[in-house]
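Each chain, letter by letter, is given below.
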Amino acid sequence: MLKRYLLKIVVSIFCVWCLGCGQGSQEAKKNKLVIAIDATFVPMSFLNDEGALDGFEVDLIKEVVKNAGFDYELVNVEWGGLFGGLITKKFDLVISSITILEERKNRMAFSIPYLQSGVAVLVRKDIQNVDSLEKLAEINAIVGAQINTTSYYFLQKYEGIKIKTYEKFGHAVIDMANKGNDGVVGDSVQVNYYFNKNEELIQNARFLGSRMTSELYGIVLNKENVELKQKIDASLMDLLENGMVQKLHKKWSLGDFSVVPSPE
Ligand code: ARG
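Residues numbered from 1 in each chain as written. Predicted model: local features only at pLDDT ≥ 70, side-chain atom pairs only at ≥ 80, totals over all residues. Heavy atoms only, no water.

With respect to the nonpolar core
Heads up, the condition is: What makes a nonpolar core is a set of buried Ala, Val, Leu, Ile, Met, Phe, Trp, Tyr and Cys residues whose side-chain atoms join them at distances within 4.5 Å. Partly exposed residues are those whose accessible area sits between 20% and 50% of the maximum for their type, while under 20% is buried and over 50% is exposed, using a 1.4 Å probe and protein chains only. Only DSSP runs of H or I covering at least 4 residues are called helices, and only runs of E covering at least 2 are called strands; the numbering of each starts at the N terminus. Whether two residues are in contact is decided by their heavy atoms, any of which lying within 4.5 Å being enough.
Counting 36 residues, the largest nonpolar core has Phe56, Leu93, Tyr114 and Ile219 as its most contacted members. Contributing elements (two or more residues each) for this core: strand S1 (32-37), helix H2 (56-67), helix H10 (226-241) and helix H11 (244-251). Counting residues per element, this core draws most heavily on H2, which supplies six residues. Setting aside residues no more than four positions away along its own chain, isoleucine 219 makes contact with Ile61, Val64, Leu93, Val94, Ile95, Ala109, Phe110, Ser111, Tyr114, Ile232 and Leu236. Counting residues in hydrophobic clusters, the runner-up holds 18 residues, among them Val130, Ala137, Ala145 and Ile161.

Points about empty space enclosed by the protein
Where we set the bar: Only protein atoms enter the 1 Å grid used here. Points where a 1.4 Å probe fits but cannot escape make up a cavity, open sets with protein on both sides within 12 Å along at least five of seven lines make up a pocket, and a residue lines them when an atom lies within 4 Å of a point. Grid points are joined across faces, edges and corners, and a volume is the space filled by probe spheres set on the points. Any residue that is not Ala, Val, Leu, Ile, Met, Phe, Trp, Tyr, Cys, Pro, Asp, Glu, Lys or Arg is counted as polar, Gly included; the first ten are nonpolar and the last four charged.
Applying the stated rule across the entire model yields two cavities of 30 Å³ or more. Of the pockets and cavities examined, the largest cavity occupies roughly 90 Å³. Split into classes, the residues belonging to the lining of the largest cavity amount to three nonpolar, six polar and four charged. For the second largest cavity, the calculated volume is near 30 Å³. Surrounding the second largest cavity, Phe41, Gln146, Thr149, Ser151, Phe169, Val185, Gly186, Asp187 and Gln190 form its lining. With three residues, strand S12 (residues 183-187) is the largest single contributor of residues to the lining of the second largest cavity. Of the residues contributing to the lining of the second largest cavity, the split by class is three nonpolar, five polar and one charged.

Things to note about H10
Note the following rule: Residue count minus one, scaled by 1.5 Å, sets the expected span of a helix.
Helix length check: H10, at 16 residues, gives a terminal C-alpha distance of 23 Å against a target of 22 Å (1.5 Å per residue), a fit within 8%. Listed in full, the buried residues belonging to H10 are Leu228, Ile232, Asp233, Ser235, Leu236, Met237, Leu239 and Leu240. As for H10, its buried residues are in contact with S1, H2, strand S6 (93-94), strand S15 (220-221) and H11. Positioned one or two residues after H10, glycine 243 has a phi angle of 90 degrees, which is positive.

Here it is in C-alpha cells:
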C-alpha cells in the first residue's frame, strides 16, 4: 500500500517536472525571433567582408529586439521572398527599407516608422537634354527599377517610360553601365551610396533628382502578431527618444538622403 502511494507521488512529481520542461522550451522558442533581411541593400543591409550581415538596419533591428527582451536569429532572404515568408510565418519580423504603404498594410502589419526616405533618379550622361522624368517619358526612355518596389510603382505613373525590372537594384545599375537602360530609380540612400562609391557611375551618370517622393520605412510583422507589434513599437519608440536611431544614422553616414522621424 505504502509502496503504491510512494510510486504515485514519484510519478506525479515526474509528470509535473516534464510539463515544466515542455513549457520552458516553448517559452525559449517564443523568445527567439527569426528576422529576415535582404542583404543586397548597401548601406542599409548587406554582407560585409567577413560574410556577416551588416548595415544600418542590421544594427537597428538588433537594438530593437534586444531592448524588447528577445533573442534573435537573422536570416538573409532575397527581396522577392520577404513578404511571402512573413505571411506564412517562416519569420517573425522583416526589416529591409520597406516603405509603409496602404496596399501592403492590407496584408501585413508595420511598426512605427524608423526612417523617412524617398526615391532618387539617375540618368546616363549621354542621354542629353533631359532634366525631368516627363522628358524621359517624352523620349520613351528605358528606366530600370527593382521589381515591386516603390521605385517601380513611381515609374508606372509616367506613361511613355519603358520600365525595365530587376530582382536586385544593383543589377539595374550594372545594366545602366552597359547601356542596357537609360537611367535607374531607387531608394535615395542606396542610389547615393552607389553613386559616391562607384567611379564609373560618377563619370557616366548624373542625378535627375533626389528624394522625389516622401516615404516612411517600417519593420514588418505578421498581422496576427498584435502583442509582438506592441513590444516592437514600444522598443523602437525608446530608441527614437534616446537618440540611438540618430546615432546609427550618423554611424552609417546616411546624410540628408534620409531623416530619422521625431518620436511622437
Ligand atoms: N523602399 C522600397 C519599397 O519598400 C524599396 C525597398 C527595397 N528593399 C530591398 N531590401 N530590396 O518598395
